[in-house]
Amino acid sequence: MAMTVSRSSAAVLATAALACFDAATSWAANPTVEYALGLKPNQKGVEYDVVAEGRVKDCTIKMEKEGGVSAWVVRGPGGEVLRSFSDTNGDRVVDRWSYYKDGAEVYRDLDANFNTKADQARWLGSAGTRWGVDEDENGTIDRWKAISPEEVTAEIVDALRARDATAFTRLLPTVADLQAAGFEEPLIGSLSARVTAAAKGFAKLAASPANQLGPQSRWNNMLAPAPGTLPAGAAGVAKDVTAYDNVVAIVDVGEGNAGGGGQVYVGSLVRIGDAWRPLDLPQLPGTQGAIADTAMFFSPRVPERGAAGPGGQESEKIKPLLTKLRDIETKLSAADPAGRKQLAAEQVGLLEQVVAAANAEEKPFWVKQLAETIAAGVQDSAFPDGIVRLEQLAAAVAADESLQAFVRFRLASARYAAGMQQPAADVAKVQAAWLEELKRFVEEHPKAPDAAEAMLQMGIADEFSGNEKEALVRYGAIVEAFPESPSARKARGAARRLESVGKPLALSGTGLDGKPVAVESLRGRPVLVHYWATWCEPCKVDIAQIRELYAKYGPKRFAVVGIALDTDKAQLAKFLGAKQIPWPQLHEADGLDGRLAEELGVLTLPTMLLVDGQGNVVDRNLAISDLEKKLEALLGGK
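These remarks concern the structure in this document. (Residues numbered from 1 in each chain as written. Predicted model: local features only at pLDDT ≥ 70, side-chain atom pairs only at ≥ 80, totals over all residues. Heavy atoms only, no water.)

Describing the state of the cysteines
(1) Moving on: Counted by the stated rule, this structure contains one disulfide.
(2) Moving on: Between the sulfur atoms of Cys536 and its disulfide partner Cys539 the distance amounts to 2.3 Å. The chirality of the disulfide connecting Cys536 with Cys539 is right-handed, given an S-S dihedral of about 80°.
(3) Moving on: What makes Cys536 buried here is its relative accessible area of 4%. (Disulfide = S-S within 2.5 Å. Buried < 20%, exposed > 50% of the residue type's maximum accessible area, 1.4 Å probe, protein only.)

So, in C-alpha cells, the structure goes:
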C-alpha cells in the first residue's frame, strides 16, 4: 500500500523537490512516485483514485506545465493524471496539492498565504462545489467560502451522524453575513436569535435518543420547494435575498442502525455570496424542534398544536397530507414516465386536499404550490389533465385578484408548453397564441409580479423578430414598473446589449481556474465573448470553429472569453476536461439567471459579441459564419 505522510511532510517534499526543478536537477533530487502517492487530502471523505500497490511501479512522475505553472504530475499506467503538486507563484515551493478521479480533478488543498501549510480546501468537478477555509492551518475547516444548498444539508447529516457540533456551527451565518445577504432590522435581530439558539442546541440534539443516525447513515438527497426571492423594500430586507423554505434532507439509514433516520428537517436556507447557510436547529423525527415554532420566509406560520380556533384544527389535518407529499417527492426522482404520471396525479390530488383543509392564512400559499405543481406537471408531460385543472383553479380563486393572476400566468405557460409538445406542432401559431395571452395578462393584471416576466417574454419575442425598438421600449417599461425584480435585471442587461455597439464592454468575472478575467484587460486584439453551455448543441459546433480560428490567428492576435452558463458545474468540468478548450471560461452559479448572463441580458444560447482592439463592441449578435470575415476586417487582412 502507498504510505501516508502528514501535510508537514508534504511541505518538506514540496520545498525539496521544487527548490531545484530545473534541467540540471539530478533524478535523485526528484520526488518518487511512491512518496507522491502517499500524500493524502487534508480533509476526510474525499473520493479519489488510489493505485493498487502492485501497479505503483507502472506510474510516472515528472515536471510538467499546467496552465502556465510548474507542477509535479503523477500519471497512472494508462497515462491518466492521478495527482499534481503545483507551484502557482513561481517561488519553487508547492502550494497546491491536487487529487484526481477518472482523470478529472476532484479536490485540492491550497496554501493561499504561501507559508508551506495548506489553509484552504476545494472540492471540484463531480465532487461538488465546497470551498473551505482553514484559518489556523490545523487541518480543520473553520468556515465555508462556498457551499451549495445540497451540500449544506449533507454537512448537517454528517454533523448529526458524527455528533460534531463544530461541523454544524461553521455552517451558520454571522450577523455580518446576514447583513451582507441583504437583511436589516427588524429581521436581523430575530434571525440572529434563531442562529444563536441553533448553535446552543445542536450538541444536546446530537446526543439525544432522537438522533438515530449511525456510522452507516448517509445523506441521499435534498427535498425542497423551488427557492424564492425576498424583495428589497420588504420589512427587514435591504436588497433581494434568495432563500429556501421547508428544506428536508433525505437520509439512507444503512444496516446496523437502531431504526430512525430517514429524514432530517432543516428548515430555511439563505444564500450569502457563494455559500448557503441554515438558520435553525435541525429537527429529527419524533422531536418538536425550533422549525415547527418558526415562521418560514415564504410559508404561512402553522398554528401551534392546540391553538384556539379552526386554524389549529385545519393545520392538524394538513400534517398527514404533507407526510404523503414528501413521500411522493422522494419517489418521483426514480420513477419511469408511467410512474411519474401516476405520482403526479396523486401529488395534485393531495395538494387539492391541502388547499381545501387550509385556513384563510395558509390558503394562498397552498394555492400557489398547487398551481406551480400542476404547471410543472404539464411542462414535463407528466400531468395531461393539467390545463383543465388550472382553468378550474383560476375560476375558484377569481375573487382574489392576486391569486387569480398567479394561477393565470402558470396557465398561460402550461398552455404554451402543451402546445409545443404536440406532434407536428405549428410553432409560429403556438407562439403567437402565447404572446397574445401574455398581452391580455399584462393588460388585466398590470401590477402583478408575474407581469414583469410576461413583459420580458414579449420583449424577447420583439427582439428576435427584428423589432428591436419595440423591445427596448418593453425592457424600459419593465425596469420602470418593476425595478427590483429579476426580470428588470435581465431587461436592463438586454437594453445594454442592444445599445452596446461602438461602446466599451466592461465584463469581468472569475475563471474556472480561480483567476480573474476581464475583457478590458485584453485590449490590443479582437476579443470574442462566447456565451454557451454544455446542454446547447449549437454552442458545441461554434466551439469547434472558434478553436480553428484561435489556432490560425494565435492568442496574441485573437482572444476568446467563454462564459459557461451551465448550472451543473460537474457536467461543465467533465466536458472541459475532455475537450481541453484553451481560452478562459468564466462561470458563476445560476446559469441564465446568474449575474454573467443578466449583465448583458443574454436570453438565448449561443450568444456572441465581438470587441475590437480598442475594447469597443463591433457586433453584439455575431453569427459563427461571419466570425472569420469580421476578424480579417479588424486585423487588416494580416
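Once the structure has been displayed, the description carries forward.
Looking at helix 11 (residues 401–421)
(1) Moving on: Taking 1.5 Å as the rise per residue, helix 11 with 21 residues should run 30 Å; its terminal C-alpha atoms sit 30 Å apart, in good agreement.
(2) Moving on: Most of helix 11 sits inside the fold, with 15 of its 21 residues counted as buried. (Helix = DSSP H or I, 4+ residues; strand = E, 2+ residues; numbered from the N terminus. Expected span 1.5 Å × (residues − 1).)

Concerning the packing of aromatic side chains
(1) Moving on: Here the structure, examined in full by the defined rule, presents 13 aromatic pairs.
(2) Moving on: Ring centres of Phe168 and Phe202 lie 4.5 Å apart, and the angle between their planes is 10°; this geometry places the pair in the stacked category. Of this pair, Phe168 sits in helix 4 (residues 165–169) while Phe202 sits in helix 6 (residues 187–207), and the two are 34 residues apart along the sequence. We note that Phe168, like Phe202, is buried.
(3) Moving on: Each member of the aromatic cluster is reached from another via a ring pair, and the members are Tyr48, Tyr99, Tyr107, Trp123 and Trp144.
(4) Moving on: The lysine or arginine in question, Arg130, covers the ring of Trp123, its NZ or CZ lying 4.0 Å from the ring centre.
(5) Moving on: The ring centre of Trp131 lies 4.0 Å from the NZ or CZ of Lys145, which sits over that ring. (Phe/Tyr/Trp six-rings, centres within 6.5 Å; stacked < 30°, edge-to-face > 60°. Lys NZ or Arg CZ within 6 Å of the ring centre and 35° of its normal.)

Brief notes about the sheet that holds strand 5 (residues 104–110)
(1) Moving on: Ordered in space as 1-2-3-4-5-6-7-8, the eight strands form an open sheet in which the pairing is antiparallel. In the strand order of this sheet, the two ends are held by strand 1 (60–66) and strand 8 (143–146), each with one partner. Adjacent strand axes in the sheet meet at a mean angle of 20° when their direction is disregarded.
(2) Moving on: Here strand 1 runs beside strand 2 (residues 69–75); their pairing, made up of seven bridges, is antiparallel. Residue pairing for strand 2: Ile61 is matched across the bridge by Val74. (Pairing = 2+ DSSP bridges. Axes fitted to C-alpha atoms, helices over the stretch in contact; angles between N-to-C directions.)

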